[in-house]
Amino acid sequence: MEIVKNFGLNPVLLIAQIVNFLIILFILKKFLYKPVLDILKKRQTIIKEGLKQAEEARIKLEKVVAEEKDTLRQAQLQSRKIIEDAKEESIEITRRMNEETKKQTEKLLNDAREQIARESTGAEKRLALSTSKLAVTFLEKALKDFFSSKEQTEVLSQALKKIKKVK
Amino acid sequence: MNRKKIDKLIAASYEGDYLNQKIVIKIASLISRADLKKYINGLKLVEKKRSLIVSSPIINSELRKFEELFPHKKIVFKKDPSLILGARVVDNDIVYEFTLQNSFDKILSYIEQNYD
C-alpha cells in the first residue's frame, strides 16, 4: 500500500478512470468501431467481389480470345476450302466450256461441210442441166434440116405402126 | 334450154361426119345469146373429139395413112420443124409422141430428176 501511496496512485481516481475508459470504450464500440468495421467488411466484400469478377472477366476474355482464334482458324480453313472449291469449279466450268465450244465448232464445221457439199451438188446439177440444155439446143438447130425426106418418112411409118399397136 | 336439147341441136348440126354450115347458121340465128354460148362450146368440144391433129416437120404422102388409121376423124396436119424428126398425134386427150424433140426433152427431164 505504501508503494501505491509512494507511486502516487489514487484508487478512486483509478476506478473512475477505469469506469471512464469503459464508458468511452462502450461508446466508441457502439458508435464508431461497429460502423467502421461494417464499412471495412463491406469494402472487403466489394473488393473480393471485384477481384472475383476480374478473375472471371480474365477467364472469359481468355476464353473469348481462344474462341476468336478458333473462329479465325475455322474461317481461314473455310475460306481456303471455298477458294479451293471455286478453283476446282472454275477449272470444271472451263473444261466444260472448252468441250462445248469444241462440239459446237465441230457441228458448225460439219454443217458448213454439208452445206458446201449440197451447194456443190446443186451447182454441178445446174451446170449439167445447162450443158445438157445447151447441147439439146445445139442438136435441135443442127438437126433441123439434117434428116432427109426418106428418113422422115421411115420414122413416120414406124410411128404409125406403134400407134396401130397402141390402138 | 337444157343440156339435152343443146346436145340434140349439136347432133343435128352434123351431116354424117361433117358439120353443116347452113344448119349451124340457122340454129345460131334462132336461139338466145346464152344458149348460143352453150351451143358453141358444145360444138367446139365435139369438134375436138372428132378431130385428130398430126404435127410433123414435113408434110408428105405418108401422113395420109393417118386417115386410114382414124377413118372417122377429121385430120388436121400441121408442119412443125421444131419437132426435128417423127410426129406428134393429138387425139382429143391422148397425145402420141414420136418426135426427136420429145426424146431430147425426156433426156433433159431425166437428168434433172436423177442427177446426184
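For the structure itself, look to the data block above.
Residues numbered from 1 in each chain as written. Chains lettered and ligands numbered in written order. Predicted model: local features only at pLDDT ≥ 70, side-chain atom pairs only at ≥ 80, totals over all residues.

Novice: Can you help me understand helix H3 (residues 149-166) of chain A in this one?
Specialist: For an α-helix, 3.6 residues make a turn, and residues three or four places apart therefore share a direction. Taking 1.5 Å of rise per residue, the 18 residues of H3(A) would be expected to cover 26 Å, and the 26 Å separating its terminal C-alpha atoms lies within 8% of that figure. Of all the residues in H3(A), the buried ones are Val155(A), Leu156(A), Ala159(A) and Leu160(A). Buried residues in H3(A), looked at end-on, bunch into an arc of 145°, giving them a common side. Away from the buried face of H3(A) by more than 90 degrees, exposed residues Lys150(A), Glu151(A), Ser157(A), Lys161(A), Lys162(A), Lys164(A) and Lys165(A) are located. In this structure, the buried residues of H3(A) make contact with strand E3 (51-56), helix H4 (65-69), strand E5 (86-91) and strand E6 (94-99) of chain B. (Helix = DSSP H or I, 4+ residues; strand = E, 2+ residues; numbered from the N terminus. Expected span 1.5 Å × (residues − 1). Buried ≥ 20, exposed ≤ 12 C-beta atoms within 10 Å, placed from the backbone. Arc of directions from axis to C-beta. Contact = placed C-beta atoms within 7 Å.)

Novice: Teacher, can you tell me more about the interface of chain A and chain B here?
Specialist: You'll often see interface size given as the accessible area lost when the parts meet. Residue-level contacts link 22 residues of chain A with 23 residues of chain B. Secondary-structure elements contributing two or more residues to the side of chain A that touches chain B are helix H2 (11-143) and H3 of chain A. For the side of chain A that touches chain B, the class distribution of residues is eleven nonpolar, five polar and six charged. (Nonpolar A, V, L, I, M, F, W, Y, C, P; charged D, E, K, R; others polar.)

Novice: Hey, could you run me through H2(A) in this one?
Specialist: Residue and element names in this part refer to chain A. Taking 1.5 Å per residue, 133 residues should reach 198 Å; H2 reaches 186 Å between its end C-alpha atoms and fits that length. Of all the bends in H2, the greatest measures close to 45° and is centred on Lys29. H2 sits mainly on the outside: zero of its 133 residues count as buried. (Bend = angle between axes of the 7 residues up to and from the residue.)

Novice: Hey, could you run me through the nonpolar core in this one?
Specialist: One finds Val155(A), Leu156(A), Ala159(A), Leu52(B), Val54(B), Ala87(B) and Val89(B) to be the most contacted residues of the largest nonpolar core, which totals 13 residues. No other element matches H3(A), which puts four residues into this core. (Core = buried A, V, L, I, M, F, W, Y, C linked by C-beta atoms within 7 Å.)

Novice: What is the right way to read the sheet that holds E3(B) from this model?
Specialist: In a beta sheet, neighbouring strands are held together by backbone hydrogen bonds and run either parallel or antiparallel to one another. All names here are of chain B. The strand order E4-E3-E5-E6 describes an open sheet built from four strands, whose pairing is mixed. Unpaired on one side and paired on the other, strand E4 (74-79) and E6 mark the two borders of the sheet. Here the strands of the sheet are splayed against their neighbours by 15° on average, with no regard to which way each runs. Two strands pair when backbone bridges link them, and E3 and E5 are joined in this way by four bridges, in the antiparallel orientation. Bridging across to E5, Val54 finds its partner in Val89. (Pairing = 2+ DSSP bridges. Axes fitted to C-alpha atoms, helices over the stretch in contact; angles between N-to-C directions.)

Novice: Honestly, the packing of helix H1 (residues 3-12) of chain B against helix H3 (residues 33-50) of chain B in this entry has me stumped. Any pointers?
Specialist: Each pair of packed helices can be summarised by the angle the axes make with each other and by the distance between the axes. Residue and element names in this part refer to chain B. Orientation of H1 relative to H3, taken along the N-to-C sense of each, is 55°, at an axis distance of 10 Å. If you check the angle between H1 and H3, you find them oblique. Crossing handedness for the pair H1 and H3: right-handed. Residue-level inspection shows Ile6, Asp7, Leu9 and Ile10 of H1 in contact with H3, the latter providing Asp35, Lys38, Tyr39, Gly42, Leu43 and Val46. (Parallel < 35°, antiparallel > 145°, perpendicular 65-115°, else oblique. Left-handed = near helix turned anticlockwise from the far one by under 90°.)

Novice: Even after reading the chapter, I still don't get unusual backbone geometry, so can you show me in this structure?
Specialist: It is generally the case that most residues other than glycine have a negative phi and that most peptide bonds are trans. All names here are of chain B. Here the phi dihedral of Ile84 falls at roughly 70°; this positive angle occurs in a residue that is not glycine. Here Ile84 lies in the loop between E4 and E5. For Ile84, a count of 24 C-beta atoms within 10 Å gives the class buried. Its identity is not glycine, yet Asn92 carries a phi of approximately 55°, on the positive side. Its location among the elements puts Asn92 in the loop between E5 and E6.

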